[in-house]
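Coordinate inspection notes
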Amino acid sequence: QVQLVESGGGLVQAGNSLKLSCAASGRGFSRYAIAWFRQAPGKERDFVAAISWPGGPTDYKDSVKGRFAISRDDAKNTVYLQMNSLKPEDTAVYYCAAHEQYARTRVAGAARYWGQGTQVTVSS
């Protein structure tokens, strides 16, 4: 069992940055690939980024490539999402999810565990 808790969301102006954290507790965190998803009001939960292991392969949604960076520190059981050059369309609730297979991290339904989400609001 792995519990995930997101933090770091908030209200920022367009062009600014935020760094989200996903802290894990429980056993076996290092076994899981971790993904970030986001969900805007009235929309489906959408893949944002994923990381396999520390320093390992990463994957990004096209619209965030070059602006967002995912990383993980397994010594701290934490995954980060550095978000730069934020845009109003990045506004959403951001969730982290633990996946048993990195190859399926883009699939929300394949996640084994979810956090409760953290709100990110970007004003224009």
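Everything in this summary refers to the structure shown in the same document.

Criteria and cut-off values
Residues numbered from 1 in each chain as written. Predicted model: local features only at pLDDT ≥ 70, side-chain atom pairs only at ≥ 80, totals over all residues. Heavy atoms only, no water. Pairing = 2+ DSSP bridges. Helix = DSSP H or I, 4+ residues; strand = E, 2+ residues; numbered from the N terminus. Axes fitted to C-alpha atoms, helices over the stretch in contact; angles between N-to-C directions. Disulfide = S-S within 2.5 Å. Buried < 20%, exposed > 50% of the residue type's maximum accessible area, 1.4 Å probe, protein only.

**Things to note about the sheet that holds strand 3 (residues 18-26)**
With antiparallel pairing, the 4 strands of this open sheet are ordered in space as 1-3-8-7. Each edge of the open sheet carries a strand with a single partner, namely strand 1 (2-7) and strand 7 (68-73). In this sheet, adjacent strand axes meet at a mean angle of 15° when their direction is disregarded. Pairing of strand 7 with strand 8 (residues 78-83), which is carried by 6 bridges, proceeds in the antiparallel orientation. Looking at the pairing, Ile70 lines up with Leu81 of strand 8.

**Overview of the state of the cysteines**
Within this structure, the stated rule accounts for 1 disulfide. Two residues share a disulfide in this structure: Cys22 and Cys96, whose sulfurs sit 2.1 Å from each other. Measuring handedness by torsion sign, the sulfur bridge of Cys22 and Cys96 sits at about 70° and is right-handed. Taken together, the residues Cys22 in strand 3 and Cys96 in strand 9 (residues 92-99) connect sequence positions 74 residues apart. With a relative accessible area of 0%, Cys22 lands in the buried category.

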